[in-house]
Each structure stands twice: as C-alpha cells, then as structure tokens.
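Summary of structural features
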Amino acid sequence: MECDFDDILDDWFIESLKTYKDLHVYQLEFPTRVIEWTSGKTVCVAGYRPHKNELLELCLPLKLFAEEKKGLCAERDFKVVNGGFSHGAVSVLKHVPGTRLAVTNDGLTSDLQVWDLGGDDSDVITRTASVTGTRSAHGGGAKMAAVHSSEPEVLHGVQSGDVRLTRLWTGQNIYELASESADLLTSLHFLSEAVFLAACSNGNLHTVDTRTPSPPQLVSSMDLGSLWWTDVSTGASGCRLVRVSSTGRAVLSDLRNPAGAVSQAQLAVGTLRQQHPGADDVTVRWAPTLQDAISVSGFSGDVQIYSATAWGAEPTAAAPLFEHRGHAVSSQAADGAVVTAHVWHPKQARTLLSAASDGSLHVWDWNQQPDG
C-alpha cells in the first residue's frame, strides 16, 4: 500500500510540473476552516479544535510574486508574520477592510471575538473585545461580512431574521433586521455600503437596504430538498449570484431578477461525504479577475474550477475547467482529506489558496489549458 501511495504521489508530482505555474505546500499543526486575506501577500488562518487554537497571519511565499527569475528567489515557503491563541474554535473569520482588526466566531454560539492582528510594534495577535450575539434559540454559529467604512463595523447573524450591523469599538447595534424569518444563514454579502444580501441554507435570499425601514425582499428557493451555498460577484458585468446545492446543481442569477436563472449546470462534484452536511461544509467562490470562473470545494479533497460561459437555460452536465487534486493525492489519512476552505487571490487571476482536513495548506497557480 505504501508503494502504491508513493507511485500515485510521484505521478501527480510529475503531472503538476506541466499543469501548475506555481505550487507551494505548507503543513499546519492543526487544520483550518478559514483563509482570510489581510493584504495582497498575507492571510489569516486558525484552528477549529474545541479548545485552544493558534491564530496565525502568514506571508505567502515571495517566489509567487517574483516577476522574473523565480528560480533565484530564496523565499519559497510560508512565513509566520504574527500569531496568537484563541481559547475556542475558529469556524468563521473576517478581516475588517482598512484596519488591522479581525472578527471570529466559534461556530457554536452567536458571540463574536475581536482581534488586533498586530503591526510594526508587535507580532502578537491579541483579543481586544467581544460582541454579544443574537443568541438564537436554535443555536449554530454566526455568519459575517465586513465592508470598508469610517468606523469598524461587522454584519453578523445566525438566521435571516436576526442579522445585525454592529460597531466594533462600542458594541452598538446600528442596524437590526426586523423580520420574523428564521432561515439558517450560510453567508452574508455586502452589495454596497448600505445594501446586503443574506443567503440561506434552504436557498432563500433576502436583500436588505439598511437606509429604509422596508422589510427585506425575499426570493424563495427553487429546490427545497437541498442545502445551498451562495457567492456574489459585483464586477463590471453587474451584480451576479451563483448558488450551488448539495446535489451539485449550480444556478446563476442577476440580482435585478434573483428569482430567475440566467444559466444553470449540473457540476461533476459527486456527493457530499458528510452524513449530515452543514452550512460550513461547502465553499463556492466567484473568481475576482477571471471572467465567468467559479470554484467549488467541500464535496471531496479536490478544488474544482468551472467556466460558466457556456452554461445554458437547463442544468446540463458541466465538466471542470481545472481540478486541484493535491490535497486528496498527498493525504495519508485513512479516510482521505476533505477541502475545508479555499480563496482566490484578489488580483492574480489563477492563484488560489486551499486548506484541507489533514492540516495541509496549498497555494497554487495553474497554467491556462488550451481550451481555457
């Protein structure tokens, strides 16, 4: 069996020389569910064990950013820039744009923890404040979103009816969603400084304008038997939504008509390994600079990239444009590795980071395929 594993790993490594422009592998002491950009070269990660966990700010390998003579660049590994400890799990982490603050949640309660990520005078990440959550009777962790504003604020909630916008320095709730809806959230997204989208596990979408007392606009799910995960793109093509279900169905919509489907596809993701999948198990992301590219992870040890350009009105089968199989191939865990998080680089078109349940952390930039 050991020989078979080595052969598979060797074959994949040889293949990777052709398929990747860059590939760097790092091993965390404990696996993470969060990868959050704090700058164009640094990310935050943190463990999700029930008790004490490291919270680290890592600098990506500088070789990734070398414009020429990459082979002569000495820095080829991740480097710990700042670090600290959380006394609970970190299941959600959001960096507040324009600050050195991050906000975390343990995935079990609705309370938030506020962290100073350190700076020139300190390399220690320290907890500076707490925010009491909505304490939903149904439990579950909070989802969060943050946007650049004059004062540090975070949008957070467990269910669609208990979303709040909280000022971090004072703990003051400057907006509370007045709704009786109790849909479990899978994500929150700012569409502008005053408008946000609450995406729910049953596929429902709630659009809210914090400047008006009007109730949120509700768009109901098209498939009530599935769990749904959502991401939003607010680029030059307008505001678009992608929703992916636990059955692998992908639906693209325009925010001007979120109930309709601009295009659909049946993704080749297989079935979720988890017997009881939850709101944090799958990640779907729009590429920030690569047109019509969508990434999906959490169904297995792979990260899949899809091009939505050719998707049609009916959900026909779609093959991935690229698959990062490094976590699945290199894992020696008895049940294999499942990807726990992934993010796109905000500016480098084909660069992504991904983490898996075996503690592996990869940063990779794949070569454009002939039909890409």
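As shown above, the structure is provided for reference.
Let me begin by describing the structure that accompanies this report. Given the structure is predicted, the values throughout are model-derived calculations rather than measurements. (Residues numbered from 1 in each chain as written. Predicted model: local features only at pLDDT ≥ 70, side-chain atom pairs only at ≥ 80, totals over all residues. Heavy atoms only, no water.)

Topic: the sheet that holds strand 24 (residues 303-307)
- Ordered in space as 22-23-24-26, the four strands form an open sheet in which the pairing is antiparallel. Taken across any chain shown, the strands that pair with only one partner, and hence form the sheet edges, are strand 22 (283-286) and strand 26 (322-324). Neighbour to neighbour, the strand axes of the sheet diverge by 20 degrees on average, direction disregarded. (Pairing = 2+ DSSP bridges. Helix = DSSP H or I, 4+ residues; strand = E, 2+ residues; numbered from the N terminus. Axes fitted to C-alpha atoms, helices over the stretch in contact; angles between N-to-C directions.)

Some thoughts on the layout of surface pockets
- Considered as a void within the structure, the second largest pocket measures approximately 330 Å³ in volume.
- Along its surface, the second largest pocket is lined by 18 residues, and W12, F13, L23, H24 and V25 are the ones closest to its centre.
- Of all the elements in the fold, those that place two or more residues in the lining of the second largest pocket are helix 1 (2-19), strand 1 (20-27), helix 2 (326-330) and strand 29 (360-366).
- By residue number, the principal contributor to the lining of the second largest pocket is strand 1, which donates seven residues. (1 Å grid on protein atoms, 1.4 Å probe; cavity = no way out; pocket = protein on both sides within 12 Å on 5 of 7 lines; lining within 4 Å. Points joined across faces, edges and corners; volume = space filled by probe spheres on them.)

Considering the pairing of strand 7 (residues 101-105)
- By the criterion of burial, strand 7 is predominantly enclosed, with five of the five residues buried.
- Alternating residues of strand 7 divide into L101, V103 and N105 and A102 and T104, and every residue in both groups is buried.
- The pairing of strand 6 (residues 92-95) with strand 7 spans four bridges and is classified as antiparallel. Looking at strand 7, one finds that V92 is bridged to N105.
- Linking strand 6 back to strand 7 in an antiparallel pair, the connection comprises five residues, with G98 at a positive phi of about 80 degrees.
- With four bridges joining them, strand 7 and strand 8 (residues 112-116) adopt antiparallel strand pairing. Directly across from L101, in strand 8, lies its bridge partner D116.
- Between strand 7 and strand 8, which pair antiparallel and follow one another directly, the connecting turn spans six residues, one of which, G107, has a positive phi of 80 degrees. (Buried < 20%, exposed > 50% of the residue type's maximum accessible area, 1.4 Å probe, protein only.)

Regarding the environment of E153
- Topologically, E153 is positioned in strand 11 (residues 153-157).
- A distance of 3.1 Å separates polar atoms of two side chains, one belonging to E153 and the other to R167. (Polar contact = N/O pair within 3.5 Å; in protein donor to acceptor, adjacent residues only side chain to side chain.)

Side note on empty space enclosed by the protein
- The final tally for this structure, using the stated rule, is one cavity of 30 Å³ or more.
- The space that makes up the largest cavity amounts to roughly 50 Å³.

Here we look at the side chain of T166
- Looking at the element boundaries, T166 is found in strand 12 (residues 164-167).
- A polar contact of 2.7 Å, which involves the side chain of T166, links it to the side chain of H156.
- One polar contact links T166 to N173, side chain to side chain, over a distance of 2.7 Å.
- Ignoring anything within four residues of it in the chain, the contact list for T166 reads V131, P152, E153, V154, H156, G171, Q172 and N173. (Contact = heavy atoms within 4.5 Å.)

Observations regarding the side chain of T283
- Among the secondary structure elements, T283 is positioned in strand 22.
- The residues contacting T283, other than those within four sequence positions of it, are S295, V296, S297, T340, A341 and H342.

Structural notes on the pattern of salt bridges
- Applying the stated criterion across every chain, the model contains eight salt bridges.
- For D209, the salt bridge identified is with R211, shortest N-O distance 2.9 Å.
- For R211, a relative accessible area of 62% corresponds to the exposed category.
- R256 is paired through a salt bridge with D254; the nearest N and O atoms lie 2.7 Å apart.
- Among the ionic contacts, a cluster of salt bridges with common partners joins E151, E153 and R167. (Salt bridge = Lys/Arg side-chain N within 4 Å of Asp/Glu carboxyl O.)

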